[in-house]
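One-letter residues, chain by chain:
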Amino acid sequence: MDSPEEPAVRVVALVLAGGVGARMRGPVPKQFLVVRNKPVLVYTLEAFQRAVAVEDIIVVSLPEWTGIVEQYVKDCGLTKVRAVLPGGASGFESIRCGLRYLEKQYSPEDIILIHDGVRPLLTEEVINANIAGVEKYGNAVTVVPATEALLHTDDGESSSRVVERSHVMRTQTPQSLRLRDLSLIHRQADEMGIHDSVATCTLLIETGHVVHAVAGDNSNFKLTSPEDVALFEAYLDAKGMS
Ligand SMILES: C[C@](O)(CO)[C@H](O)COP(=O)(O)O
């Protein structure tokens, strides 16, 4: 007798575009900055659109920009984008907004890749490494090694303690896990009185879980300050993407 077919696991990108980007000091939030005729966020969404394993993309945006994002989605043929949702006051809150939607639309076993909208040079290799990491370990956090000397500081001005760099991993995104585990850590955060956390990897640790690293790459950097735009343009030239 045939066994009943397992429903296929879907891979969903949850792209965060809800930050105001104060450090960029620009006229528009950094995810909407137009670089070589295209907003940064569109480059990021295109990386998931190209990735064969990714089925759906959900965008969480600054509330007043959702209409504009929907227009970009239409104009740029981003056919995998299923929803553009208004975000909250922090990354943590924006993930919550996404989570409420995901819990209604997807299955607990589906794999969610949480990614910063301002990391536009994400590769399919890193996306696939995240999916494989979730399948093998239950979660995957993209990291790169620390290559500089690292010093601990309490006051931001002086240090008397070296942090051994071989014990440090610099995190990037995607940070990925099954929907059921994303729901679980946010439920645990509520129970523990955690109202904010820097990232999904920090929330996993704060709620008592072990995170598993997968290799990112230096081109998957976060556009944070004005100099990063020049770096982004240099990468676009080097990769022949402009
Ligand atoms: C999630 C993150 O990109 C990991 O490096 C980072 O923590 C995001 O920080 P932000 O200040 O919310 O941009």
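Residues numbered from 1 in each chain as written. Predicted model: local features only at pLDDT ≥ 70, side-chain atom pairs only at ≥ 80, totals over all residues. Heavy atoms only, no water.

### Focus: unusual backbone geometry
- Here the amide bond leading from T173 into P174 is cis, since omega sits at 10°, within 30 degrees of zero.
- Position of P174 relative to the elements: it lies in strand 10 (residues 169-178).
- Unlike most non-glycine residues, R36 shows phi in positive territory, near 50°.
- Along the chain, R36 turns up in the loop between strand 2 (34-35) and strand 3 (38-39).
- Judged by relative accessible area, R36 falls into the partly exposed class, the value being 35%.
- The phi dihedral of N37 is positive, around 70°, even though this residue is not glycine. (Helix = DSSP H or I, 4+ residues; strand = E, 2+ residues; numbered from the N terminus. Buried < 20%, exposed > 50% of the residue type's maximum accessible area, 1.4 Å probe, protein only.)

### Some words on the confidence of the model for the protein chain
- Per-residue pLDDT for the protein chain averages 95, and the proportion of residues at 70 or more is 96%.
- For this predicted complex, the interface score ipTM comes out at 0.96, while the overall pTM is 0.95. (pLDDT = per-residue confidence, 0-100.)

### Notes on the nonpolar core
- Judged by nonpolar contacts, the single largest core of 31 residues is most densely connected at L41, F48, V54, I57, V59 and I127.
- Mapped onto this core, the elements with two or more residues apiece are strand 1 (11-17), helix 1 (40-50), strand 4 (56-61), helix 2 (66-75), strand 5 (81-86), strand 6 (111-116) and helix 4 (124-137).
- By residue number, the principal contributor to this core is helix 1, which donates five residues.
- Aside from chain neighbours lying at most four places away, what touches L41 is V15, A17, Q31, F32, V59, V69 and G117.
- Judged by nonpolar contacts, the second largest core, of 23 residues, contains I95, I114, L182 and I194. (Core = buried A, V, L, I, M, F, W, Y, C linked by side-chain atoms within 4.5 Å. Contact = heavy atoms within 4.5 Å.)

### Points about helix 7 (residues 226-238)
- Between its terminal C-alpha atoms helix 7 stretches 19 Å, which fits the 18 Å expected from 13 residues at 1.5 Å a residue.
- Within helix 7, burial applies to D228, V229, F232 and L236. In an axial view of helix 7, the angular spread of the buried residues amounts to 105°, which keeps them on one side of the axis. Looking at helix 7, the residues exposed on the side facing more than 90 degrees away from the buried face are E227 and A238.
- G240, located one to two residues past helix 7, shows a positive phi value of around 65°. (Expected span 1.5 Å × (residues − 1). Arc of directions from axis to C-beta.)

### Concerning the sheet that holds strand 4
- In spatial order, the strands read 5-4-1-6-10-7-11; together these seven strands make up an open sheet with mixed pairing. Both edges of this open sheet fall to strand 5 and strand 11 (213-215), since each of them pairs with a single strand only. Neighbour-to-neighbour, the strand axes of this sheet turn through a mean angle of 25°, independent of strand direction.
- As defined by bridge partners, strand 6 adjoins strand 10 across four bridges and the pair is classed as antiparallel. (Pairing = 2+ DSSP bridges. Axes fitted to C-alpha atoms, helices over the stretch in contact; angles between N-to-C directions.)

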